[in-house]
Amino acid sequence: MKKTFIFILALTFGLSAYAQQTASVNMSKVLQQYWKSTAEQRNLMEQGEQIKTRLNELKKMQQDLVTKSQEVESQMKDSLMLSEEKRGELEAQLDEYKKQFIASRQQAEMLQQQYNQGAKQTEGVIISDIRAAVKTVADTMDVAVVYDSEMVFYTQVDLTDKVIAELNKTAPVQPSN
């Protein structure tokens with residue numbers, strides 16, 4: 001009984017000491033107010049619009065190729081008495097349309113992959129910057145564990161504003177008008 005009481009007492013004091021070394025950060029707010037995050041978000045949106053325009057062009061081209069291919073196939077079916085030379089020309093034309101269609105599909109997939117890869121890379125850099133800032137702030141305040149405030153019901157210490165300030169120290173100076 002005495003050992004159990006001592007264990008519970010030690011656990012209670014240990015948890016209260018541990019609780020004093022924890023803090024939280026609102027990651028959503030940090031992402032919204034970090035200058036690099038907002039700049040990269042604008043950049044990604046611009047890239048996304050350019051890619052969307054190019055993908056629409058490729059889609060139109062694919063639709064045109066399908067239409068042309070159907071026309072050639074129709075000519076081949078309708079004219080059973082085509083000369084071998086004419087049939088060969090139509091088949092070559094059909095093959096060329098198919099190659100162009102495949103190439104445009106591959107180009108569309110490549111554009112999408114490049115965009116996704118760039119977005120993922122940018123996200124990695126931003127998260128790395130945020131982690132470094134959280135560590136810097138937490139170290140200066142003797143905080144051992146930092147949680148995302150969206151995952152914790154309550155914490156007395158919120159480092160969000162200090163982390164944002166730390167991150168935005170490197171923001172480029174905006175020219176005044």
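Residues numbered from 1 in each chain as written. Predicted model: local features only at pLDDT ≥ 70, side-chain atom pairs only at ≥ 80, totals over all residues. Heavy atoms only, no water.

Considerations on the pairing of strand β1 (residues 22-25)
Then, in step 1: Residue alternation in β1 divides its side chains into two sets, T22 and S24 and A23 and V25, and both sets are buried.
Then, in step 2: As judged from the four bridges shared by β1 and strand β2 (residues 145-148), these two strands associate in the parallel manner. In the strand pairing of β2, S24 is matched with Y147. (Buried < 20%, exposed > 50% of the residue type's maximum accessible area, 1.4 Å probe, protein only. Helix = DSSP H or I, 4+ residues; strand = E, 2+ residues; numbered from the N terminus. Pairing = 2+ DSSP bridges.)

Side note on the packing of helix α3 (residues 35-78) against helix α4 (residues 84-140)
Each packed pair of helices is defined by two parameters, the angle between the axes and the distance between the axes.
Then, in step 1: Running from N to C, α3 and α4 point in directions that differ by 165 degrees, and their axes come no closer than 9 Å. Between α3 and α4, the interaxial angle falls into the category roughly antiparallel. As α3 packs across α4, the resulting crossing turns out to be left-handed.
Then, in step 2: Split by residue class, the contact of α3 with α4 holds 19 nonpolar, 12 polar and nine charged. (Axes fitted to C-alpha atoms, helices over the stretch in contact; angles between N-to-C directions. Parallel < 35°, antiparallel > 145°, perpendicular 65-115°, else oblique. Left-handed = near helix turned anticlockwise from the far one by under 90°. Nonpolar A, V, L, I, M, F, W, Y, C, P; charged D, E, K, R; others polar.)

Description of the confidence of the model for the chain
Then, in step 1: Of all residues in the chain, 87% attain a pLDDT of 70 or more, and the chain-wide mean is 86.
Then, in step 2: Here residues 9-13 is a poorly scored stretch, pLDDT under 50, and it has zero contacts once near neighbours within four places are set aside; other chains count. (pLDDT = per-residue confidence, 0-100. Contact = heavy atoms within 4.5 Å.)

Some points on the packing of aromatic side chains
Then, in step 1: Following the criterion strictly, the structure yields one aromatic pair and no others.
Then, in step 2: Plain terms: the ring middles of Y34 and W35 are 6.2 Å apart, the flat faces sit at 75 degrees to each other, and that makes the pair edge-to-face.
Then, in step 3: Judged by its relative accessible area of 2%, Y34 is buried. (Phe/Tyr/Trp six-rings, centres within 6.5 Å; stacked < 30°, edge-to-face > 60°.)

A word on the packing of α4 against helix α5 (residues 160-167)
Then, in step 1: The contact between α4 and α5 brings their axes to 9 Å, and the two run at 120 degrees. In terms of crossing hand, the pair formed by α4 and α5 is right-handed. Here α4 contributes D129, I130, A133, V134, T136 and V137 to the contact with α5, which in turn contributes K162, V163, E166 and L167.
Then, in step 2: In terms of residue class, the contact of α4 with α5 is made up of six nonpolar, one polar and three charged.

Brief notes about the nonpolar core
Then, in step 1: Core analysis: the biggest nonpolar cluster contains 15 residues, and V25, V30, I130, L159, V163 and L167 have the highest contact counts within it.
Then, in step 2: Listing elements by their share of this core, those giving two or more residues are β1, α4 and α5.
Then, in step 3: No other element matches α4, which puts six residues into this core.
Then, in step 4: Leave out the neighbours within four places in its chain, and I130 touches M27, V30, L31, Y34 and L167.
Then, in step 5: If you look at the next biggest cluster of nonpolar residues, it comprises eight residues, including L65, M76, L82 and F101. (Core = buried A, V, L, I, M, F, W, Y, C linked by side-chain atoms within 4.5 Å.)

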